[in-house]
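Residue-level structure breakdown
Listed below, chain by chain, are the residues.
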Amino acid sequence: MLESLSAFGGLVLLRDSIEWEGRDFLKALIKKSALCGEQIHVLGCEVSEEEFREGFDSNINSRVVYYDLFRDPLNWSKNGEAFPGGPLGTLRAMCRTTDPRPLTIVLDSLSWLLLHFPCNTVCQTLHALHYRDSFCGESSPVERVNVLGLLHEELHGPTEMRKYFLILLSSPQTQQFSILPDFSLDLQGSPLQSQPHPDPHTFMVDPTAHLTFNLRLSEKEREARDSLTLPFQFSSEKQQALLRSEPGQASSRILYEPDAYDDLDPEDPDDDLDI
Amino acid sequence: MFPELNNLLDTTPDKAEQGKLTLLCDARTDGSFLVHHFLSFYLKANCKVCFVALVQSFSHYSIVGQKLGVNLTMARECGQLVFLEALKTSLDVFFQKPAEPHPLQFLREASAENLQPLFAFVREALKPGDDGEATWKYPVLLVDDLSVLLSLGVRAVTVLDFIHYCRAAVCVEWKGNVVALVHDSRDTEDEENDLLLSGLSHQSHLILRAEGLATGFCKDVHGDRSLTYQYKIQDKTVSFFAKGLSPAVL
């Protein structure tokens, strides 16, 4: 699935959480697309351009056009006329390029757009980008437009997510991968079909390596353990031993010395019950 | 400043990381000891500090600061500390229309849509290098706490925008640090607060979480911090220990 992501086309959503931030994966996908010769336009609302470009080599960086909305997204400084149409206007303007190469538009992040604009406006814009209608003009020479959006799932209610986006997603697949420091992907297949092969980049720690006690048994120890009868185990010998009548049993009797203040009643208390 | 916390975070006032947003978060307990820690930490680190105090008075922070070995009054007089005492200055906004834009202007507005004046105040306070302030290392913004803004009628997205701008200016432009406290109210299902907390968690580089013990109050263990350590607040310091290793348990 991941190999064909760039050929997949349309809108690709990347859902991440606080524990597992998706920006590295986003950058890995950008690298993949850039190496395929696509033009990449990034709408950056969450991190500075410097931070976003960190880790890419100059070859990739030269293919990435970064629209820096991070510095002044709401035009508070009153001098930011760089993006007159606001974030969505910038987004629409992206596909009015004369470059015919396939275009990948990266939204970092879609969550930021959804928090600041009505959901249906965002959806319409994305739809228009994908189908390149009205906004981009009929004569847009771009061969194909892909949209790659990062979505922080905690920021949107489950109903909201379902309502607007699940329709856009194809059937989910699970695939394991690791992202290398240079943002290339190491695919490891789906977890159900193949065993994940040991990753050479992570050092596996054996938790049983340096213990102060012994976890394993030798053959001899195992035999000794198996031959041991535990006190609660009931064997036939034990049963015999318990059932065998003791020789002195008949002659045994109970000796009871009453205390000085004991009130001993010789009468049977249940006498009147007529049992 | 608590040396044990510095050890855990592997930092000292001399070699602290720059350009970071630190989120302090407390659940079912009071995390303000973390605010006091960072206030004294950055004052000792010789940074220019802007403190937006929305919950307590100056004298409160000053008294705690004295215990931790920093003099807030002196820091304020020599210009190292810019202190916005919201409890006091909010009265200026409530009872008369301020002549010039006031940092707490949003209190007068029916729909509290904009924290731009507050950001302008922070920007003005921390803007480096106009009156020979090269003596201070780097700027730091501290906010205690952001959840109060929600209670005052500001929407979570507006608070997120405010912190976004602070981050763009303080962390990225001037390579300083931002530290903010937010309460975690997962139990009370406050959607706005949850949105604020998740949004900030996505933006921040470090999250310190103080949590009340699930088992309730204990004389010698006051809470879990970031899942790994438990702590006890003492008179002048806080001691941290691995979970279950409190002297009260052993």
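Just so it is clear, the structure is predicted and the values come from calculations on it, not from any experiment.

We now examine the overall build of chain B. Secondary structure summary: chain B contains nine helices and nine strands in total. Classification of the 250 residues of chain B by burial places 56% in the buried group. Long-range pairs, those at least 24 residues apart, make up 69% of the contacts in chain B between residues at least 6 apart in sequence. For chain B, the accessible area works out to roughly 11300 Å², and carbon and sulfur atoms hold 54% of it.

Here we take up the interface of chain B and chain A. Every contact between the two is made by 21 residues of chain B and, on the other side, 24 residues of chain A. Between chain B and chain A, roughly 1800 Å² of surface is buried when both sides are summed, and carbon and sulfur atoms account for 62% of that area. Inspection of the chain B/chain A interface yields 10 residue pairs in polar contact (both at pLDDT 80 or more). For the side of chain B that touches chain A, the secondary-structure elements that each account for two or more residues are helix H6 (116–126), helix H8 (156–173) and helix H9 (191–203) of chain B. Residue contributions to the side of chain B that touches chain A peak at nine residues, all from H8 of chain B. Looking at the side of chain B that touches chain A, its residues break down into 10 nonpolar, eight polar and three charged.

Residues and elements named next belong to chain A. Put simply, helix H5 (residues 86–94) and helix H7 (residues 119–131) touch, their axes get as near as 10 Å, and they point 10° apart. With respect to H7, the element H5 is oriented roughly parallel. Contacts between H5 and H7 involve Leu88, Leu91 and Arg92 from the former and Thr121, Thr125, Leu126 and Leu129 from the latter.

Below, the discussion takes up the nonpolar core. In a soluble, globular protein the nonpolar side chains are often hidden away together inside. Residues and elements named next belong to chain B. Counting 47 residues, the largest nonpolar core has Leu141, Leu146 and Leu196 as the members making the most contacts within it. It is H8 that provides the largest number of residues to this core, a total of 11 residues. Excluding residues that lie within four positions of it along the chain, Leu146 makes contacts with Val159, Ile163, Ala180, Leu181, Val182, Leu196 and Leu200. Among the nonpolar cores identified, the runner-up in size contains 35 residues, and Met1, Ala16, Ala45 and Leu142 belong to it.

Let us look at the confidence of the model for chain A. Residues and elements named next belong to chain A. Confidence in the prediction for chain A averages 77 pLDDT; 77% of positions are at 70 or higher. Mean pLDDT values for the elements of chain A range from 57 in helix H1 (residues 5–8) up to 91 in helix H3 (residues 49–53). Note that residues 193–198 has pLDDT below 50 and, in this model, seven contacts with residues that lie over four places away or in other chains.

A few words now on the pattern of salt bridges. The final tally for this structure, using the stated rule, is 11 salt bridges over all chains. Here Glu50 of chain A ties to Lys175 of chain B by a salt bridge, and the two come within 3.9 Å at their closest N and O atoms. Note that Glu50 of chain A is positioned in helix H3 and Lys175 of chain B in the loop between H8 and strand S5 (177–183), a pairing that runs across two chains. Under the relative-accessibility criterion, Lys175 of chain B is labelled partly exposed at 38%.

Before going further, it helps to spend a moment on the sheet that holds strand S3 (residues 64–68) of chain A. All names here are of chain A. If you trace the five strands from one edge of the open sheet to the other, you get S1-S5-S4-S2-S3, paired in parallel fashion. At either margin of the open sheet sits one strand with a lone partner, and together these are strand S1 (10–16) and S3. Strand after strand, the sheet turns through a mean of 15° between neighbouring axes, direction not considered. Inspection of the sheet shows S1 paired to strand S5 (residues 145–152) by seven bridges, in the parallel sense. When the bridges of S5 are listed, Leu13 appears paired with Gly149.

This next bit is on the confidence of the model for chain B. Residues and elements named next belong to chain B. When the pLDDT values of chain B are averaged, the result is 84; 84% of them are 70 or greater. Here residues 218–227 scores under 50 on pLDDT; set against residues more than four positions off or in separate chains, the count is 39 contacts. As scored by the predictor, the complex reaches a pTM of 0.76 and an ipTM of 0.82.

Residues Asp259, Asp262, Asp263, Asp265, Glu267, Asp268, Asp270, Asp271, Asp272 and Asp274 of chain A make up a contiguous surface patch of negative charge. For Asp272 of chain A, a relative accessible area of 66% puts it in the exposed group.

Rules behind the numbers
- Per chain, residue numbering runs from 1 following the sequence as it is written.
- Whichever chain is written first becomes A and whichever ligand is written first becomes 1, with later ones labelled in order.
- In view of the model being predicted, local features appear only for residues whose pLDDT reaches at least 70, and side-chain atom pairs are presented and counted only at 80 or more, with totals across whole chains, interfaces and linings using the full set of residues.
- Hydrogens and waters are ignored; side-chain quantities use all the structure's heavy atoms.
- Runs of E in the DSSP output that reach at least two residues are strands. Runs of H or I that reach at least four are helices, and both are numbered from the N terminus.
- The buried label goes to any residue with under 20% of its type's maximum accessible area, the exposed label to any with over 50%, and the partly exposed label to all in between, with areas taken from a 1.4 Å probe on protein chains only.
- Residues count as neighbours in contact if any of their non-hydrogen atoms are within 4.5 Å of one another.
- Here, Shrake-Rupley sampling with a 1.4 Å probe gives the accessible areas, and only protein chains in the shown set may cover a residue.
- Accessible surface is computed with a 1.4 Å probe, and the buried area is the amount of it that two parts give up when combined, taken over both parts together.
- Polar contacts, as used here, are pairs of N or O atoms within 3.5 Å; protein pairs need one atom able to donate a hydrogen and one able to accept it. Residues neighboring in sequence count only if both atoms are side-chain atoms.
- Gly counts as polar in this scheme, as do all residues outside two lists: the nonpolar Ala, Val, Leu, Ile, Met, Phe, Trp, Tyr, Cys and Pro, and the charged Asp, Glu, Lys and Arg.
- Angles shown run from 0 to 180 degrees and are taken between the N-to-C directions of axes, each axis being a line fitted to C-alpha atoms and, for helices, limited to the stretch in contact.
- Convention used here: angles under 35 degrees read as roughly parallel, angles over 145 as roughly antiparallel, angles from 65 to 115 as roughly perpendicular, and any remaining angle as oblique.
- Nonpolar core, defined: a set of buried Ala, Val, Leu, Ile, Met, Phe, Trp, Tyr and Cys residues in which side-chain atoms within 4.5 Å join the residues together.
- Confidence of the predictor at the level of single residues is given by pLDDT, which spans 0 to 100.
- By salt bridge we mean one thing: a side-chain nitrogen of Lys or Arg within 4 Å of a carboxyl oxygen of Asp or Glu.
- Two strands make a pair as long as DSSP finds a minimum of two bridges between them.
- Any residue with relative accessible area above 30% and no salt bridge may belong to a patch, with like charges joined within 9 Å and the nonpolar Val, Leu, Ile, Met, Phe, Trp and Tyr side chains within 5 Å.
- Neither His nor the chain ends contribute to the count of charged residues, in which Lys and Arg are positive and Asp and Glu negative.
- Positions of charges follow a simple convention, taking NZ of Lys, CZ of Arg, CG of Asp or CD of Glu.

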